Each structure stands twice: as structure tokens, then as C-alpha cells.
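Here is how the chains run, residue by residue.
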Amino acid sequence: MATRLLGGVSAVLLAAGLTAAFGYAPRDAVQGNVQRIMYIHVPSILTAYVAIGVVLVGSIGYLWTRRREWDRAAAAAGELTVCFTAITLATGSIWGKPTWGTWWTWDARLTSTALLFVIYLAYLLLRSVVEDPERAATYAAVLGIFGALDVPIIHFSVQWWRTLHQPATVLRPEAPTMDPTMLLALAVNVLAFVGTFAYLASRRYRLLTLEAEAQSRAWR
Amino acid sequence: MSHWDFVLAAYAVATLVLAGYWWRVERRIRALEALPPDGT
């Protein structure tokens, strides 16, 4: 019931986010309409950070308690980390072509984000190739914690290295530099993406529980 | 300067990834929930 409600709220927020991105937020004076890609590009990477936070907590929880529930939460969030990072990379690339004149460049922000995608892809691969569930969960937990170390590198890459990617406009110590209407449209989309993550993660958790039950029945 | 094709492509990619993931998870949940309690 709570999951269904979460799904409904997320759907409404996604619709509100689309309306805000295309109907409320103004056309950017410099970039034109292509700037509207930011309303999914930024929420997708922020949601990936939230998903990695869940992987981190789930992984530490599993290593601490050895309870499968923690591992399932980490596994569900790990898959969604890959999904949201893939959206970030794809939408950034689509935005980059008309804005920078290239689909891809080995800029520190882009490279560290691509590395995040590869780490969590390896995380999923590791889970699928190690047959013993206990060992798979332990190895995955260690890799999940290691992968989270890339998040501060991504965030501070624009300060530590000279990059083509613009510096932070929202997650910064000073006030955001964006127009308030654009900031509101972005905030609605961040809420919508985080809500969608929470809904999808709860459904994936349910599936992992059902799979574990089916497997234990098969072994009886 | 409008670049609507790029904007639509970006939103289409995001929709495909999220809707595809959701559809795949729901399909597998339905298949497992349809199994009888003894798993036969």
C-alpha cells in the first residue's frame, strides 16, 4: 500500500517536473532550449548519489550484521545507481554536442562519472558471477563501499582540476547562481527523480525477496 | 539555437531507461507471485 502510494506520488512529481521544465522554466538566454536537458541531467546524478548512499549503508549494514535484508537493499540500489548514472552520462553527452561541439571529452568531471558507472557495472557483474550468495554479498559490499569513494572525487573534480564542465551551481557553500524559476523547476525534478528511485528500489527489493523465497523452496 | 531534437532525445533516453527497468522488474514480480506456494 505504501509502495503504491509512493509510486503514485512519484508519477505526479514526474508530471509536475516535465511541466516545470517545459512550461514554467524560461528558455535560457545563452544556451536556448538545450539547457532544458539540465532538468533531467542534474537530478539523475543527484539521485545516483542518493542510490550510492543506500549502497554504502546497506553494504556496511551487511558486513556488520550479515543480515540478507541489508544486502538486498544494497543490491537494489546498486542496479539503480547504474541506471541513473547511465542517464547522467547519456543526457550530458546529448547536451554536450550542441553546446561544446563534442559528444565526449576526457574532462575530469566526465571521466570520474564514467568511472563511477564502470565501478557499479562491475558491482552488478560481481554479484552475478560469484555463485555462493554469502561470498557474492561480501565481495559486493566491499566494492560498493569502495565505489562510493568516487562521489567526492566527482563533486570536487571541477575545483581540483581545470575542466570544461562548469563548476557547481547548486551544491556549493554559497547561494545557487541560478535564476529562481529555473531553480524551482530543478528542485521539482530532483524530488521526482528521488521519489522514482525510492519506488523502483522498493519494487526491486520486493523482487529480490521473492527470488530468495523461490530459491529456498527449490532447495527444500 | 532551439535544438529540440537534442532535448527530445535526452528525455527519451531517460524515459526508456526508467520505464524499461520498471517494466522488467514488474514482469518478474508478477511471474514469481503467480507461482503456487510450494513452487511447483
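Above this text is the structure in question.
Residues numbered from 1 in each chain as written. Chains lettered and ligands numbered in written order. Predicted model: local features only at pLDDT ≥ 70, side-chain atom pairs only at ≥ 80, totals over all residues. Heavy atoms only, no water.

A few words now on the interface of chain B and chain A. Across the boundary between the two partners, chain B contributes 26 residues, which contact 36 residues of chain A. For the pair chain B and chain A, the two sides together bury roughly 2700 Å², of which 74% comes from carbon and sulfur. If you look at where chain B meets chain A, you find three salt bridges. Along the contact surface separating chain B from chain A lie six residue pairs in polar contact (both at pLDDT 80 or more). For the side of chain B that touches chain A, the residue count by class is 19 nonpolar, three polar and four charged. (Contact = heavy atoms within 4.5 Å. Buried area = accessible area lost by both parts, 1.4 Å probe. Salt bridge = Lys/Arg side-chain N within 4 Å of Asp/Glu carboxyl O. Polar contact = N/O pair within 3.5 Å; in protein donor to acceptor, adjacent residues only side chain to side chain. Nonpolar A, V, L, I, M, F, W, Y, C, P; charged D, E, K, R; others polar.)

So, on to the environment of Ala74(A). Residue and element names in this part refer to chain A. With respect to the helices, strands and loops of the structure, alanine 74 is situated in helix 3 (residues 68–100). According to the relative accessible area criterion, alanine 74 is buried, its value standing at 2%. Once the C-alpha coordinates of alanine 74 and serine 216 are considered, the two residues, 142 residues apart in sequence, prove to be 20 Å apart. (Helix = DSSP H or I, 4+ residues; strand = E, 2+ residues; numbered from the N terminus. Buried < 20%, exposed > 50% of the residue type's maximum accessible area, 1.4 Å probe, protein only.)

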